[in-house]
Amino acid sequence: MSSSLFLSQRSLYEDDYSCILRNPQNEFNYGLHYHDFYECVLYLGNAGIFRIEDQECLIKRGDIVLIDMFKPHTLTYNKNYFYERFSLSINLSLLISFSTSRSNLLDVFHNCSDRLPVYHLSQEQLQKYLTLLDKYRKIKLENGKDILEKALIHQLLAYIYSDCYRGRHIDEKEAQHAQTIAALLKYINTHLNEEITLEQLAAEVNYSEYYVSRLFRKISGKTLTNYIQEKRIEEASCLIRGGLPINQAAEQVGFNNYSYFYKTFKKIIGCNPADYQARY
């Protein structure tokens, strides 16, 4: 992951989900990146080359891509074509809450880790998504828009489960692991500007420090300490880009020692905070 950029949920969207229609004019241009939430993308045109880790796939109209947490990926879009894609970002905790005992959404999102997570819809399958997106485009409510939006997302996820489930249910142990990781991510998000210790995290999920460290590294490929550091620096970079003074940005994400913040920022971002501020 060293050559890919980390993007955290906390700095990209405020709620437990985000959805947006993108095209070449408002495309997401971060290059190879990964994040601490799941992503589902429905392509409404021939977009280009999708890359996840060391695999690549030509993306066509009617393709659905399911992106697991912490998996480096990017879209190299074809600038000669106009396309739209509907992108849903969703927290692990919300994905779990939308699941049922018979239809666990982790069956398709988590189990996509062991294969190229691209599914091609038939024209008949695609039509129901297009009808749903038409409803999404027409949401004009002054109040309660988020409630209707979540209802449509719930419906979208039901379609995805129906079309992308391949017969393998996540086992009970994997489901427990997902619940634990969701609790850890929620605690870290809530307390990011405070001191966070491994002891606190272990107590939050009622497991030993060794177990929590080992599980998180198995799922994410990194230590909890590195994840928290990356998350803090990534959010600090967003605050700096937004015009907040560097020392205030450092304090706001939990750094009380500016020298340590400076060194950590340079290590993760590749330049010091002052140069980063000047660039933006």
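As the structure is a computational prediction, the values presented were derived from the model and not from experiment.

Definitions and limits used
- Residues numbered from 1 in each chain as written.
- Predicted model: local features only at pLDDT ≥ 70, side-chain atom pairs only at ≥ 80, totals over all residues.
- Heavy atoms only, no water.
- Helix = DSSP H or I, 4+ residues; strand = E, 2+ residues; numbered from the N terminus.
- Rg over C-alpha atoms; globule rule 2.2 N^0.38 Å.
- Buried < 20%, exposed > 50% of the residue type's maximum accessible area, 1.4 Å probe, protein only.
- 1 Å grid on protein atoms, 1.4 Å probe; cavity = no way out; pocket = protein on both sides within 12 Å on 5 of 7 lines; lining within 4 Å.
- Points joined across faces, edges and corners; volume = space filled by probe spheres on them.
- Nonpolar A, V, L, I, M, F, W, Y, C, P; charged D, E, K, R; others polar.
- Phe/Tyr/Trp six-rings, centres within 6.5 Å; stacked < 30°, edge-to-face > 60°.
- Lys NZ or Arg CZ within 6 Å of the ring centre and 35° of its normal.
- Salt bridge = Lys/Arg side-chain N within 4 Å of Asp/Glu carboxyl O.
- Core = buried A, V, L, I, M, F, W, Y, C linked by side-chain atoms within 4.5 Å.
- Contact = heavy atoms within 4.5 Å.

**Q** So what exactly am I meant to see when it comes to the overall build of the chain here?
**A** The helix and strand inventory of the chain stands at 12 helices and 10 strands. Its C-alpha atoms give the chain a radius of gyration of 19 Å, within 12% of the compact-globule value 19 Å for 280 residues. Considering only C-alpha atoms, the chain reaches an extent of 60 × 45 × 45 Å along its principal axes. Burial statistics for the chain: of 280 residues in total, 49% are counted as buried.

**Q** Hey, could you run me through the layout of surface pockets in this one?
**A** The probe, sized like a water molecule, is rolled over the atoms to show the empty space still left. Taken as a whole, the largest pocket spans an internal volume of roughly 480 Å³. Residue lining of the largest pocket: 20 residues in total, with Ser 4, Leu 5, Phe 6, Ile 268 and Ile 269 positioned closest to the centre. Taken together, the elements giving at least two residues each to the lining of the largest pocket come down to strand 1 (5-7), helix 9 (224-241), helix 11 (258-269) and helix 12 (273-279). Looking at the lining of the largest pocket residue by residue, the class counts come to 10 nonpolar, 5 polar and 5 charged.

**Q** What is the right way to look at the packing of aromatic side chains in this model?
**A** Each aromatic ring pair is summarised here by two numbers: the centre-to-centre distance and the angle between the ring planes. Under the criterion given, the structure shown has 18 aromatic pairs. With centroids separated by 6.0 Å and ring planes inclined at 40°, the aromatic side chains of Tyr 258 and Phe 261 adopt a geometry described as tilted. Taken together, the residues Tyr 258 and Phe 261, both in helix 11 and 3 residues apart, mark about one turn of the helix. Taken together, the aromatic side chains of Phe 255, Tyr 258, Tyr 260, Phe 261, Tyr 262, Phe 265, Tyr 276 and Tyr 280 make up a single cluster linked through ring pairs. The residue whose ring lies beneath Lys 128 is Tyr 159, and the NZ or CZ to ring-centre distance is 5.5 Å.

**Q** Teacher, can you tell me more about the pattern of salt bridges here?
**A** Side-chain pairing between opposite charges can occur once the charged atoms of the two side chains come close. Per the counting criterion, the structure on display carries 9 salt bridges. Among the salt bridges present, the one from Lys 222 reaches Glu 230, with a minimum N-O distance of 2.4 Å. Here the two residues Lys 222 and Glu 230 agree in accessibility, since each one is buried.

**Q** In this structure, what is going on with the nonpolar core? I would like to understand it.
**A** The nonpolar side chains of soluble globular proteins are, as a tendency, buried together. The biggest cluster of nonpolar side chains holds 60 residues, and the ones touching the most others in it are Leu 157 and Ile 160. In terms of residues, this core owes the most to one element, helix 5 (residues 145-164), which gives 8 residues. Not counting chain neighbours up to four residues away, the residues in contact with Leu 157 comprise Leu 88, Ile 90, Leu 95, Phe 98, Leu 105 and Phe 109.

**Q** Looking at this structure, I do not really get unusual backbone geometry. What am I missing?
**A** Excluding glycine, residues mostly carry a negative phi; peptide bonds, for their part, are mostly trans. A positive phi is found at Glu 53, a non-glycine position, where the angle reads about 50°. As for its placement among the helices and strands, Glu 53 is situated in the loop between strand 5 (48-52) and strand 6 (55-59). Positive phi outside glycine occurs at Asn 206, with the angle close to 60°. Inspection of the secondary structure puts Asn 206 in the loop between helix 7 (198-205) and helix 8 (209-220).

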